[in-house]
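Chains, contacts and geometry: an overview
Here is what each chain is made of, one letter per residue.
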Amino acid sequence: MSTPLLSIKGLTKAYPGVVANDNVSFDIGEGEVHALLGENGAGKSTLVKMIYGLVKPDSGTMSLRGAPYAPPEPRAARADGIAMVFQHFSLFDALNVAENIALGMENPPAMGDLAARIREVSETYGLPLDPFRTVGDLSAGERQRVEIIRCLLQDPKLLIMDEPTSVLTPQEVEILFQTLQKLRSEGTSILYISHKLEEIRTLCDHATILRLGKNVGECTPRETSARDMAEMMVGTALKTPQRAGRAFGEIALDITGLSVPSPSEFGTSLKNLHLTVRKGEVLGIGGVAGNGQDELLAVLSGEILTAADAVKKDGQPVGRMGPTARRRLGLLTAPEERLGHAAAPNMSLTENALLTGSVREGLESNGFLKWAETRDFAERIIKAFDVRTPGPENAARSLSGGNLQKFVIGREVLQNPDVLVVNQPTWGVDAAAAAAIRQALLDLAARGTAVICISQDLDELMEISDTFAALNEGRLSTPRTTTGLTVDEIGLMMGGAHGMEVAHV
Amino acid sequence: MIVLEKRPQPSRAWSMATPLVAVLATMFFGGLLFAALGKNPVEAIGTIFWEPLFGEYAFYYRPQLLVKGAPLVLIAIGLSLGFRAGIWNIGAEGQYIMGAIVGAGVGLAFYPMEAFYIFPLMVVAGALGGWAWAMIPAFLKVRFGTNEILVSLMLVYVAEQLLASMSLGLLKNPEGFGFPGSRNLQSYGSAHNAELIEGSGMHWGVVAALIAVIFAYVLLNRHMTGFHIRLTGEAPRAARFAGVRPARLILFCLGVSGALAGLAGLFEVSGPSGQVSIDFNVGYGFTAIIVAFLGRLHPVGILLAGGLMALTYIGGEIAQGSLGLPAAAIQVFQGMLLFFLLALDLLTNYRIRAARKEVA
Amino acid sequence: MDLSAINPVLLVASLMVAATPLLLAAIGELVVERAGVLNLGVEGMMIVGAISGFAIAVETGSPWLGFIGAAVGGAILSLLFVVLTQVALANQVASGLALTLFGLGLSALMGQSYVGIKPPAMGKLDIPVLSDLPVVGPILFSHDLILYLGIALTAAVWWMLKYSRMGLILRAVGENHDAAHALGYKVIRIRILAILFGGACAGLGGAYISLIRVPQWTEGMTAGVGWIALALVVFASWKPWRALLGAYLFGGVTVIQLNLQAAGVAIPVEYLAMSPYVITILVLVILSADKSRAPASLGRIFHASH
């Protein structure tokens, strides 16, 4: 075998209290699509940040085509031909596409020339993009194209892609894969980070698997079963949630002809939504991020008010009610953003328990707070949901993502809601916690609660929902029962390829 | 290399210690400043912090501490509620003036009638005057989203002009031989905010300040409104999710701080100052901002900080007389205190640590 | 009352003079805010600039050195803001207030021995023929050079923000500091430079008041101009040319109310004197409907954690 493009030897990086990467070694060959596989928190992001010069390793070496490689900053990495497409796009909403791309280049040409080159590259790779559109107005898929084109304009030798498909519909994923295969055929190496096994089996030549910061194995994905890879990734066999067979009751929540403009400039307006959820039913709402998920949750939580009749709980109009009044009626919600939305980072878990629990748990009387009862409630959540923390007096921000998510979901579940709406309940949560959260939602439904689960994780939705609908540009597809639903059908409900063309390979 | 490392949660110990460290640092650097001005730094610092409390004439200065401290605490308590919620009323000086004008105006309207209810009416009017002046930025923010920082500050200048206009016009003492300024309320029994105990400096303003401290403590620690105020400051989105109505909170915080500043103005105009005059306001509304931060926006802290700030005022005056220390030097000294406090606040949330040598 | 004593040509010429301190301070703050930093210490930096410039001009006899000193003085004070907000990660609102309170005290201390002194006069532009033209001459060709500098600075900042790479990076940092950091830009360094620039501009604006507009030193002489400059940045929707327009509007209001006072209009002096502040509030109200142009990272603290 010839000299690998990038060779990593013994990279180690520790943060206070956690070793993000522990002696990780692997090679990426020329023209190879190399997968980096691992759960959330396995250390994938830290590893690629070291390759990209954003983080300096504590020890270990890298070499690029045999020469020592230690980029002090991303600029140096880019100069050496390393390009990266981030999971959370580092884009500037208020600037246009060309300006965004210019910011990612060392010596950008004049705007006019740059715009021409953007058009040229986007046509070559089947990624249509108008250089003068404001980035804030683009869909998630289009925003990803900006990032990819920014990278391609620098003729990279190695393209790093961090969870690129989490924001795409299945059809868009297919187009992306064709683009990546075209790049590979031109000799570009790709480091592909993901936890989605089927994707990796389709696309990648080689895979390195990380668990808790350590390299725990390598394989050729095409020759390895998804199940084997999953076991390497997780370490133990997982308990999958049990769906009890259940009958649905009456309609618990009813949304009719709901249209609301988004409160934020670059948000998505909801357009003529209709849905009903019955007692005991789990409605899964899929869709690519930024298609109105946050707005839908805000409409249900009472943060955005609507016409009274647009939202009805048990037939009672609640559209004009604020969050507190809705909680009193039993309509509870858990937003996606844990820190800053569902919980106040610097406040204790006790105070965060009070945040939504005050009405239903009777934690106040005449406006005066009952701290002892509130503390009890927080402790009950911690116990019931196995939240790992020294105690309820600890600040929310001191908890890991998964633990805080268990706390946030647990806080709503323990209040015995009639209707519970959750947005991205297992995002960024380790597999064991995710399984526990899904099981809790199913248990709740089994006791007669109507559950709406908004998620971008289609596997999760297929696993727990009875009914499925997709949000696409603020519109909701007609809900369908999940039994017998195919991936292609789901993709079309999610908006198909969002107007993308297939690359001319 | 030095790096900052975010603490998993705010350090309680540092939160308490920073004001003390800031005071010590200010003493040190303030001493350097005084030395640069050609004064003996030890003597200057000693004069400022020792003389008013334990010096030869302490019997005269100690009551003055209450007189100066009360308006500072009263205003700072109000401001701290808003500051906690990220609502920045920096126009307390204007609300203080308006409280004085309206309160004194009501009192003077009864002149020369003597009745027990005149002073209570003035207190209500003073609070209302400050409240109404603060309602302008509050209403504009709620209705139009206008920046309350700029509006409340602009209204200070407007209030100062109104004060001048009142001293020269409507409220001018008809028996004042043409000099600007109103009748002296100290010589109008029913409107006089007299000392409750002769020579103690204790007047109704001091009582009101203590009540405000207790009120704020209970509100912040035991009441839903206080919880909502803290929550809004910590995480505005989480507050809306919890059911806080931002508009109500803005009206409440600005209203309370305006009313308290108005009360401070009324107690001052009817007591220590005595009359509405062009130079009635001396910057309590701005110094109270320092007091609020120095007290960590905590009611008890503000009580202590108000005392300390009053001490620097009085000690500064003594140093001005005995050492010729310029009045502005004390202002700089107070400003320094705020700087050190803000800078040291870092230690509450971050840990400073020497970074290990980076491996190349 | 004699309104005919008000000469419209002189009115326009003097409104340009009245507008210049505002314009200088506002352009500086505009750059600072475009970089995502809210520095409420403009008033403090202006007044320190006013006294630094005044003292140096008096001591050296050169108004030019005075203006340079003012810029340096304003920048040094803004360095304190840098330490608080960029190094110690303190709240920007509180730090800006601290800067203003501190600056007011410091300037009073520095200016004690300068009260009542007349500063050296600044030369005015005098181009033969052009400066003597009726109407156009006094309005366009007869001012001091700092006034033209203010206009030139507006043009330069406009060009820099719109066309230069430096401007693009500055805007990027103000829009999304995390993304800018991820691309390898030095967020803190760029912000420090912007803050220093803002401090220097505010200092220049302050010195313009003490050396040209008034010209003498009195305590607290900026009288809220720094705060109006902050309002002006909002008014201008963070666009340089609109800041110029706004400065001239406010300059006009100031000059007209002074002229009305002089002409003895039947409105009490106090009510005329409060008019610029009241108008600032009204303008803020009218413009506060549109917040969309504000840099998205404005006032947010940046700390590069792993």
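Here we summarise the structure given alongside this text. No experiment lies behind these values; they were computed from the predicted model shown.

For the rest of this paragraph, the subject is the overall build of chain C. A tally of regular secondary structure across chain C gives 13 helices and zero strands. In chain C, the succession of helices and strands from N to C terminus is α-α-α-α-α-α-α-α-α-α-α-α-α. Over its C-alpha atoms chain C spans a radius of gyration of 19 Å, differing by no more than 12% from the 19 Å that the globule rule assigns to 306 residues. With respect to the three principal axes, the spread of C-alpha positions in chain C is 70 × 45 × 45 Å. Buried residues in chain C amount to 54% of all 306 residues. Long-range contacts, defined here as pairs at least 24 residues apart, represent 79% of the contacts in chain C between residues at least 6 apart.

Attention now goes to the overall build of chain A. Tallying secondary structure elements over chain A gives 16 helices and 23 strands in all. By its C-alpha atoms, chain A is 70 × 45 × 40 Å across when sized along the principal axes. When burial is assessed residue by residue, chain A has 51% of its 505 residues classed as buried. When contacts within chain A are restricted to residue pairs at least 6 apart in sequence, long-range pairs at least 24 apart make up 69% of them.

Pairing of strand S9 (residues 206–211) of chain A with strand S10 (residues 214–219) of chain A, which is carried by five bridges, proceeds in the antiparallel orientation. Note that in S10(A) the partner of A:Thr208 across the bridge is A:Glu218.

So, on to the interface of chain B and chain C. Contacts between the two partners involve 37 residues from chain B, matched on the other side by 40 residues from chain C. Counting only elements with at least two residues in the side of chain B that touches chain C, the list comes to strand S1 (2–6), helix H6 (118–144), helix H7 (148–168), helix H12 (284–294) and helix H14 (327–344) of chain B.

Residue and element names in this part refer to chain A. Within the open sheet, the four strands sit side by side as S12-S11-S14-S15. Their pairing is antiparallel. Sheet topology places strand S12 (270–278) and strand S15 (316–317) at the edges, where each strand pairs with a single neighbour. Relative to S12, strand S11 (residues 251–260) runs antiparallel, the two sharing six bridges. Looking at the pairing, isoleucine 251 lines up with arginine 278 of S12.

Let us now look at the sheet that holds strand S3 (residues 33–37) of chain A. Strand pairing in a sheet relies on backbone hydrogen bonds, with the paired strands running either antiparallel or parallel. All names here are of chain A. Spatially, six strands are ordered S6-S7-S8-S3-S9-S10 in an open sheet, and the strand pairing comes out mixed. Since the sheet does not close on itself, it has two edges, and those belong to strand S6 (82–85) and S10, each with one partner. Going from strand to strand, the sheet's axes swing by 20° on average, the running direction of each strand aside. In this fold helix H1 (residues 44–51) packs onto S3, S6, strand S7 (158–162), strand S8 (189–194) and S9, with an angle of close to 150° to the strand it touches most, S7. Its contacts with the sheet place helix H5 (residues 140–152) against S6 and S7, and it is angled at close to 180° to S6.

Take the packing of helix H13 (residues 401–413) of chain A against helix H14 (residues 431–446) of chain A next. Residue and element names in this part refer to chain A. Interaxial distance between H13 and H14 falls to 10 Å at its minimum, and their mutual angle equals 10°. In terms of their interaxial angle, H13 and H14 are classed as roughly parallel. Residues Gly402, Gln405, Lys406, Ile409 and Val413 of H13 pack against Ala433, Ala436, Ile437, Ala440 and Leu444 of H14. When grouped by side-chain class, the residues that make up the contact of H13 with H14 number seven nonpolar, two polar and one charged.

With that settled, consider the nonpolar core. By size, the foremost hydrophobic cluster in this structure holds 384 residues, and its most contacted members are A:Ile160, B:Leu74, B:Ile75, B:Ala288, C:Leu22, C:Ala26 and C:Leu232. Residue contributions to this core peak at 16 residues, all from helix H9 (residues 187–213) of chain C. Three or more residues apiece are contributed to this core by two domains, here domain 1 (6–234) and domain 2 (251–493) of chain A. If we skip the residues at most four places from it in the chain, C:Leu22 touches C:Gly205, C:Val225, C:Ile228, C:Ala229, C:Leu232, C:Ala247, C:Phe250 and C:Gly251.

So, about helix H1 (residues 8–34) of chain C. Residue and element names in this part refer to chain C. Between its terminal C-alpha atoms H1 stretches 36 Å, which fits the 39 Å expected from 27 residues at 1.5 Å a residue. Within H1, the axis deviates most sharply at alanine 19, by approximately 35°, and proline proline 21 lies no more than four positions further along. Positive backbone phi, at 90°, marks glycine 36, one or two positions downstream of H1.

Calculation notes
Residues numbered from 1 in each chain as written. Chains lettered and ligands numbered in written order. Predicted model: local features only at pLDDT ≥ 70, side-chain atom pairs only at ≥ 80, totals over all residues. Helix = DSSP H or I, 4+ residues; strand = E, 2+ residues; numbered from the N terminus. Rg over C-alpha atoms; globule rule 2.2 N^0.38 Å. Buried ≥ 20, exposed ≤ 12 C-beta atoms within 10 Å, placed from the backbone. Contact = placed C-beta atoms within 7 Å. Pairing = 2+ DSSP bridges. Axes fitted to C-alpha atoms, helices over the stretch in contact; angles between N-to-C directions. Parallel < 35°, antiparallel > 145°, perpendicular 65-115°, else oblique. Nonpolar A, V, L, I, M, F, W, Y, C, P; charged D, E, K, R; others polar. Core = buried A, V, L, I, M, F, W, Y, C linked by C-beta atoms within 7 Å. Domains from an automatic or database assignment. Expected span 1.5 Å × (residues − 1). Bend = angle between axes of the 7 residues up to and from the residue.

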